[in-house]
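Inside the fold
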Amino acid sequence: MRSRTIRLLPLLVLGLMGPLRGAEAPPATLAAEATDYVLQPSDLIRVLIFQQPDLLREVRITQEYTITLPLIGTIDLRGRTVRQAEEIIRSLYDRDYLVNPQVNLTVLEYTQRTVQVVGAVNQPGAVVFPPEQKMGLIEAGGRAGGQSRIADLKRVRLTRTNAEGKAENQIINVDDMMKGNSNQQYLLQKGDVIFVPERLL
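Residues numbered from 1 in each chain as written. Predicted model: local features only at pLDDT ≥ 70, side-chain atom pairs only at ≥ 80, totals over all residues. Heavy atoms only, no water.

What follows deals with the sheet that holds strand β5 (residues 103-109). The 3 strands are arranged β2-β1-β5 in an open sheet whose pairing can be described as antiparallel. Strand pairing shows two members of the sheet lacking a second neighbour, β2 (57-60) and β5, which therefore form its edges. Averaged over neighbouring strand pairs, the angle between their axes works out to 25° when direction is ignored. Along the sheet, helix α2 (residues 82-96) contacts β1 (44-49) and β5; its crossing angle with β5, the most-contacted strand, is approximately 135°. (Pairing = 2+ DSSP bridges. Helix = DSSP H or I, 4+ residues; strand = E, 2+ residues; numbered from the N terminus. Axes fitted to C-alpha atoms, helices over the stretch in contact; angles between N-to-C directions. Contact = heavy atoms within 4.5 Å.)

Quick look at the structure:
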């Protein structure tokens, strides 16, 4: 039977809590949080449940994309947006501990997301994603100073490490994309490597 109170909670989590804050309603600035941002390892997040100050936590997402919260334990957030993570946490507390909890998740610190752009570009090296935005292949090339005069944009190689830790390569005709002959966007992920080869003269 679901309990409508958690009077015993302070005893259950005694000694495990960090500094607590008040149970006020989330301020208006939190409503502007980019809820479609996909959470990443090393992001620092705050999980606040309205009128439950004992459950407030600030936790960093592990390299396995998990966090651990009181009572509900370890939660896998791989591939989840801020909004999706809120719903997962809400449903877990609602299932056994609270009645219709109001969950607010805020990203306090974004992990830096970079891709490497190398080869025939004017400023090869790491390109940083804006934290709450997506970045495509063409934009990354632009942030690397654009292609050099001898670049072969028809054979750009995108290297990505899959979930099993294996590198996968894909050859992309960026020239077609820039001319509008291709509808593919090729949104980039953290750790991608873009290699722009030189033309064969």
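Once the structure has been displayed, the description carries forward.
On to the nonpolar core. Counting residues in each nonpolar core, the largest one holds 23 residues, and the members touching the most others are Leu39, Ile45, Ile67, Ile75 and Ile89. Going through the elements one at a time, β1, β3 (66-69), α2 and β5 are the ones with two or more residues in this core. For this core, the element with the most residues is α2, which contributes 6 residues. In this structure Leu39 touches Ile45, Ile61, Tyr65, Leu77, Arg80, Thr81, Val82, Ala85, Leu105 and Val107, once residues within four positions along its chain are discounted. Ranked by size, the runner-up nonpolar core spans 21 residues in total, among them Ala140, Val174, Leu188 and Val196. (Core = buried A, V, L, I, M, F, W, Y, C linked by side-chain atoms within 4.5 Å. Buried < 20%, exposed > 50% of the residue type's maximum accessible area, 1.4 Å probe, protein only.)

Turning our eyes to something else, we now look at the pattern of salt bridges. Scanning all chains against the criterion turns up 8 salt bridges. Asp192 is paired through a salt bridge with Arg160; the nearest N and O atoms lie 2.7 Å apart. You can see Asp192 sitting in the loop between α4 (174-178) and β10 (193-196) and its partner Arg160 sitting in strand β8 (residues 156-161), a full 32 residues away along the chain. For Lys179, the salt bridge is made with Asp175, and the minimal N-O distance between the two is 3.0 Å. Since its relative accessible area comes to 57%, Lys179 is described here as exposed. (Salt bridge = Lys/Arg side-chain N within 4 Å of Asp/Glu carboxyl O.)

Across the sheet, which stays open at both edges, the 5 strands sit in the order β7-β6-β10-β8-β9 with mixed pairing between neighbours. Strands with a single pairing partner mark the edges of an open sheet, and in this sheet they are β7 (125-128) and β9 (167-172). Between one strand axis and the next, the sheet turns by 25° as a mean value, whatever way the strands run. In this sheet, β10 lies alongside strand β6 (residues 114-119) in parallel orientation, the contact comprising 4 bridges. Following the sheet pairing, Gly119 is matched in β10 by Val196.

Moving on, we come to the pairing of β5. Counting buried residues in β5 gives 5 out of 7 residues, a clear majority hidden from the surface. In this sheet, β5 lies alongside β1 in antiparallel orientation, the contact comprising 6 bridges. From the neighbouring strand, Arg46 faces β5, where its bridge partner is Thr106.

For the rest of this paragraph, the subject is unusual backbone geometry. Within the chain, Ser42 stands out as a residue other than glycine whose phi angle is a positive 80°. Among the secondary structure elements, Ser42 is positioned in the loop between α1 (9-12) and β1. The backbone of Asn100 sits at a positive phi, close to 50°, despite the residue not being glycine. Position of Asn100 among the secondary structure elements: in the loop between α2 and β5.

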